[in-house]
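# Structure at a glance
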Amino acid sequence: MQRLPLPLAVSIGDPSGIGPEIAIQAWQQRNELRLPAFYLLADPALVAARSKRIGSDVQFAETSPEQSTEAFAHGLPIVALENRLADRPGQPDAANASGIIEAIDRAVEDCFSGKAAAVVTCPIAKKPLYDAGFAFPGHTEYLAYLASQRTGTPVTPVMMLAGPELRTVPVTIHIALSDVPKALTTELIVETAVITARDLQSRFGLSNPRLAISGLNPHAGEDGAMGTEDRDIVAPAIAALKAKGINAFGPLPADTMFHASARAGYDVAICMYHDQALIPAKALAFDEAVNVTLGLPFIRTSPDHGTAFGIAGKGVARPDSFIAALRLAGQMAGSGKMAESA
Ligand SMILES: NC(=O)c1ccc[n+]([C@@H]2O[C@H](COP(=O)([O-])OP(=O)(O)OC[C@H]3O[C@@H](n4cnc5c(N)ncnc54)[C@H](O)[C@@H]3O)[C@@H](O)[C@H]2O)c1
Ligand SMILES: N[C@H](C(=O)O)[C@H](O)COP(=O)(O)O
């Protein structure tokens, strides 16, 4: 008997966002797009209610991770959460936090226990989770926490946005812009770049990845005339990376490193703060880019967009970035073979 590939574990994200409907749409396109098998960790009642709301005739298969690859052919596999989730599109509610977090926890645990090949997360909104006491800036940091709890080893996560024409990594992530200069250290840049280079080799098959390192200030500081961080913090990090044999160069002025011919010169842009990295990635490929967490002992991808509360429940959300996240997770897991559907 041929063994079926391990499925991807998809966490439902914030149920008031578009997560349920992009998962439904992706499953409906599974055959034409030859998507890897996945199951949705969710409240089945929420997914059924959202399906009805958007006028979808999707079939469901309430199942277990172990049975989900087989079930994938016939219905959207749902692995039921213990917590209930309400179908109130566009109205985030801290009362859903337990279910949102349970879905993430179980997806990670399914990877560690060999039931799933990777974690794919639907978007969460940070504020309702913070209001419920969630102490992590986002998935990226929470997944690293779960990994270090599970393995007993500290884990530093790195956020990478990966699109067809550009990969970017923010060194500092979910912090206020005013806090960036204080948080930016030579050590943090080096650690982020080392993890990025290592994972591009091991998980993306790039034997000698080229890392373009941005500056922080306009014109990368213009020799200290517009800020000293580029000279005093970023440049020493690049020297340290070169000394480790990593193909890193910069600091590059951020405004001129993303045009087409500049992009041809590197495999990833290491940027100093969130928007410096995410604006070019999303501007170039909002419907195709994928958020990947590097540095984890398991694979995690996510669409590049958020909860899109304004369009949730209307049936107009595009599933493309989520589909790209499924595909990339499948490729990274090396499944190669896609689950055949009936
Ligand atoms: N992976 C994640 O969990 C993740 C990623 C990004 C943002 N967020 C969170 O999402 C929330 C909302 O963030 P935001 O408003 O800045 O960004 P957003 O991506 O949710 O929405 C930005 C704009 O793009 C549109 N849009 C987003 N996804 C779309 C899709 N699939 N199809 C069609 N249109 C789409 C929205 O309607 C909106 O106009 C925030 O709380 C943020 O923290 C979560
Ligand atoms: N910074 C990400 C983005 O804007 O796409 C997003 O908030 C997701 O972060 P997590 O994957 O850490 O939740």
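Residue positions are given per chain, counted from 1 along the sequence in the order it is written. The lettering of chains begins at A and the numbering of ligands begins at 1, in the order of writing. Local features in a predicted model are, by the rule used here, given only for residues with pLDDT of at least 70; side-chain atom pairs are given and counted only at 80 or more, and totals for whole chains, interfaces and linings are based on all residues. Side-chain numbers here rest on the full set of heavy atoms in the structure, without hydrogens or water.

As annotated in an unreviewed UniProt entry, the chain carries the name 4-hydroxythreonine-4-phosphate dehydrogenase and comes from Aquamicrobium lusatiense. On record in UniProt, under Sequence similarities (unreviewed entry), the comment for the chain is "Belongs to the PdxA family." UniProt positions are given in the numbering used here, feature names are shortened, and annotations may be inferred rather than shown by experiment.

Turning next to unusual backbone geometry. In this structure, Pro251 follows Gly250 across a cis peptide bond, with omega equal to -5 degrees. The backbone of Arg34 shows a phi angle near 50 degrees, a positive value even though the residue is not glycine. Here a strand is any run of E in DSSP of at least two residues, a helix any run of H or I of at least four, and the numbering for each starts at the N terminus. Here Arg34 lies in the loop between helix 2 (30–33) and strand 2 (38–42). Despite not being glycine, Asp223 has its phi angle at roughly 55 degrees, a positive value.

Before going further, it helps to examine the packing of helix 5 (residues 97–112) against helix 7 (residues 139–151). Following both chains from N to C, one finds helix 5 and helix 7 inclined at 45 degrees, their axes separated by 11 Å at the closest point. Taken as axis vectors, helix 5 and helix 7 run oblique relative to one another. Note that helix 5 runs across helix 7; the crossing there is right-handed. Along the contact surface, helix 5 presents Ile101, Ile104, Asp105, Val108, Glu109 and Phe112, while helix 7 presents His139, Tyr142, Leu143, Leu146, Ala147, Arg150 and Thr151. Amino acids outside the nonpolar list (Ala, Val, Leu, Ile, Met, Phe, Trp, Tyr, Cys, Pro) and the charged list (Asp, Glu, Lys, Arg) are all regarded as polar, and Gly is one of them. When grouped by side-chain class, the residues that make up the contact of helix 5 with helix 7 number 8 nonpolar, 2 polar and 3 charged. Here an angle of 0 to 180 degrees is reported between the N-to-C directions of two axes, which are lines fitted to C-alpha atoms, with helices fitted over the stretch in contact. Working rule for angles: under 35 degrees goes down as roughly parallel, over 145 as roughly antiparallel, 65 to 115 as roughly perpendicular, anything else as oblique. In this scheme the crossing of two helices becomes right-handed for a clockwise turn of the near helix relative to the far one and left-handed for an anticlockwise turn of less than a right angle. In this analysis, two residues are considered to be in contact whenever any of their non-hydrogen atoms come within 4.5 Å of each other.

For each residue, the test is whether any non-hydrogen atom lies within 4 Å of the molecule or strand; if one does, the residue is near. The environment of ligand 2 is made up of Lys126, Gly138, His139, Thr140, Met159, His174, His274, Leu278, Lys282, Asn291, Arg300 and Asp304. Pairs of N or O atoms within 3.5 Å make up the polar contacts considered here, provided that, within protein, one atom can donate a hydrogen while the other can accept it, and that residues adjacent in sequence are counted only when both atoms are side-chain atoms. Between ligand 2 and the protein, one listed contact pairs an oxygen atom with a backbone N or O atom of Asp304 at 3.3 Å. When ligand 2 sits alone it has 350 Å² of accessible area, and the protein chains cover 88% of it. Breaking the shell around ligand 2 down by element, the ones donating at least two residues are helix 7 and helix 12 (274–285). The leading source of residues in the shell around ligand 2 is helix 12, at 3 residues. Of the residues assigned to the shell around ligand 2, the class counts are 2 nonpolar, 6 polar and 4 charged. Accessible surface area values rest on a Shrake-Rupley calculation with a 1.4 Å probe, where residue burial reflects the displayed protein chains alone.

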